[in-house]
Amino acid sequence: ITVKGSSKPISIYTYDVPALRALGGELADSVDVGNTHLSNEEFFKTVPPSTSAELRTLSAEAMELYLGGTEGRRADWDEAEAKLREVLAVSPDDGPSLNILSYLEEERG
(Lines give C-alpha, C1' and ligand atoms only; values in the text may rest on other atoms or scores of the structure.)
Protein backbone atom coordinates (compact mmCIF):
# COMPACT_ATOMS: atom_id res chain seq x y z
CA ILE A 1 0.00 0.00 0.00
CA THR A 2 1.19 3.53 -0.64
CA VAL A 3 0.33 6.01 2.09
CA LYS A 4 -1.10 9.36 0.98
CA GLY A 5 1.70 11.85 0.56
CA SER A 6 4.32 9.15 -0.01
CA SER A 7 5.60 7.51 -3.16
CA LYS A 8 7.15 4.53 -1.37
CA PRO A 9 4.88 1.47 -0.93
CA ILE A 10 4.87 -0.24 2.46
CA SER A 11 3.59 -3.60 3.65
CA ILE A 12 0.79 -3.72 6.18
CA TYR A 13 0.20 -6.68 8.46
CA THR A 14 -2.61 -7.30 10.89
CA TYR A 15 -3.14 -9.88 13.57
CA ASP A 16 -6.64 -10.68 14.70
CA VAL A 17 -6.55 -11.34 18.46
CA PRO A 18 -10.33 -11.97 18.73
CA ALA A 19 -10.02 -14.63 16.01
CA LEU A 20 -7.14 -16.21 17.91
CA ARG A 21 -9.30 -16.41 21.02
CA ALA A 22 -12.26 -17.78 19.05
CA LEU A 23 -10.01 -20.62 17.90
CA GLY A 24 -9.17 -21.46 21.51
CA GLY A 25 -5.88 -19.57 21.61
CA GLU A 26 -4.95 -17.02 24.22
CA LEU A 27 -2.34 -14.31 24.56
CA ALA A 28 -0.43 -14.17 27.79
CA ASP A 29 -0.55 -10.81 29.56
CA SER A 30 3.22 -10.67 29.19
CA VAL A 31 2.95 -10.46 25.39
CA ASP A 32 3.27 -6.84 24.27
CA VAL A 33 1.69 -6.83 20.80
CA GLY A 34 2.32 -3.08 20.61
CA ASN A 35 6.11 -3.52 20.83
CA THR A 36 7.26 -1.90 17.60
CA HIS A 37 10.82 -3.15 18.13
CA LEU A 38 9.90 -6.77 17.45
CA SER A 39 10.69 -8.08 13.98
CA ASN A 40 7.95 -10.00 12.18
CA GLU A 41 9.87 -13.20 12.87
CA GLU A 42 10.11 -12.44 16.61
CA PHE A 43 6.45 -11.48 16.79
CA PHE A 44 5.21 -14.65 15.10
CA LYS A 45 7.43 -16.80 17.32
CA THR A 46 5.69 -15.22 20.29
CA VAL A 47 2.19 -15.24 18.78
CA PRO A 48 2.02 -17.97 16.13
CA PRO A 49 -0.53 -17.47 13.33
CA SER A 50 -3.62 -19.65 13.38
CA THR A 51 -3.42 -20.33 9.63
CA SER A 52 -1.14 -22.73 7.79
CA ALA A 53 1.92 -21.58 5.87
CA GLU A 54 0.26 -22.97 2.74
CA LEU A 55 -2.83 -20.81 3.23
CA ARG A 56 -0.77 -17.69 3.89
CA THR A 57 1.37 -18.30 0.78
CA LEU A 58 -1.62 -18.93 -1.48
CA SER A 59 -3.40 -15.86 -0.10
CA ALA A 60 -0.36 -13.65 -0.71
CA GLU A 61 -0.05 -14.95 -4.27
CA ALA A 62 -3.75 -14.36 -4.90
CA MET A 63 -3.55 -10.79 -3.60
CA GLU A 64 -0.51 -10.04 -5.74
CA LEU A 65 -2.36 -11.25 -8.83
CA TYR A 66 -5.50 -9.33 -7.84
CA LEU A 67 -3.71 -6.06 -7.07
CA GLY A 68 -0.95 -6.26 -9.65
CA GLY A 69 2.16 -6.79 -7.54
CA THR A 70 4.74 -4.50 -6.04
CA GLU A 71 6.86 -4.43 -9.21
CA GLY A 72 4.20 -2.49 -11.07
CA ARG A 73 2.94 -5.57 -12.91
CA ARG A 74 -0.66 -5.30 -14.07
CA ALA A 75 -3.38 -7.09 -12.16
CA ASP A 76 -4.55 -10.40 -13.63
CA TRP A 77 -8.04 -11.06 -12.36
CA ASP A 78 -8.39 -14.38 -14.20
CA GLU A 79 -5.27 -15.74 -12.53
CA ALA A 80 -6.29 -14.14 -9.23
CA GLU A 81 -9.64 -15.91 -9.38
CA ALA A 82 -7.93 -19.27 -9.98
CA LYS A 83 -5.57 -18.67 -7.05
CA LEU A 84 -8.42 -17.56 -4.78
CA ARG A 85 -10.19 -20.83 -5.58
CA GLU A 86 -7.01 -22.65 -4.47
CA VAL A 87 -7.19 -20.72 -1.20
CA LEU A 88 -10.81 -21.80 -0.76
CA ALA A 89 -9.86 -25.43 -1.40
CA VAL A 90 -7.62 -25.17 1.68
CA SER A 91 -9.95 -22.96 3.72
CA PRO A 92 -13.54 -22.91 2.35
CA ASP A 93 -14.68 -20.16 4.74
CA ASP A 94 -11.81 -17.73 4.07
CA GLY A 95 -13.61 -14.39 4.27
CA PRO A 96 -11.16 -12.25 2.28
CA SER A 97 -11.10 -14.74 -0.61
CA LEU A 98 -14.88 -15.06 -0.64
CA ASN A 99 -15.29 -11.28 -0.65
CA ILE A 100 -12.79 -10.70 -3.45
CA LEU A 101 -14.34 -13.45 -5.57
CA SER A 102 -17.76 -11.90 -5.02
CA TYR A 103 -16.40 -8.50 -6.08
CA LEU A 104 -14.78 -9.96 -9.21
CA GLU A 105 -18.03 -11.68 -10.19
CA GLU A 106 -19.99 -8.46 -9.63
CA GLU A 107 -17.55 -6.36 -11.67
CA ARG A 108 -17.58 -8.80 -14.56
CA GLY A 109 -21.35 -8.83 -14.65
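Above this text you will find the structure in question.
For the structure given in this document, a descriptive report is provided here. (Residues numbered from 1 in each chain as written. Predicted model: local features only at pLDDT ≥ 70, side-chain atom pairs only at ≥ 80, totals over all residues. Heavy atoms only, no water.)

**Examining the overall build of the protein**
Per the secondary structure count, the protein includes five helices and zero strands. Reading the protein from its N terminus to its C terminus gives the helix and strand order α-α-α-α-α. When each of the 109 residues of the protein is scored for burial, the buried share is 20%. Excluding contacts between residues fewer than 6 apart, the proportion of contacts in the protein whose partners are at least 24 apart in sequence is 37%. (Helix = DSSP H or I, 4+ residues; strand = E, 2+ residues; numbered from the N terminus. Buried < 20%, exposed > 50% of the residue type's maximum accessible area, 1.4 Å probe, protein only. Contact = heavy atoms within 4.5 Å.)

**Focus: the nonpolar core**
Counting nine residues, the largest nonpolar core is built from A62, L65, Y66, A80, L84, L88, I100, L101 and L104. In contact with L84, other than residues within four places in its own chain, are A62, S97, I100, L101 and L104. (Core = buried A, V, L, I, M, F, W, Y, C linked by side-chain atoms within 4.5 Å.)

**Focus on the side chain of E81**
Mapped onto the elements of the fold, E81 is located in helix 4 (residues 77-90). A polar contact of 2.5 Å, which involves the side chain of E81, links it to the side chain of R108. Dropping the residues within four chain positions of it, E81 is found in contact with L101, L104 and R108. (Polar contact = N/O pair within 3.5 Å; in protein donor to acceptor, adjacent residues only side chain to side chain.)

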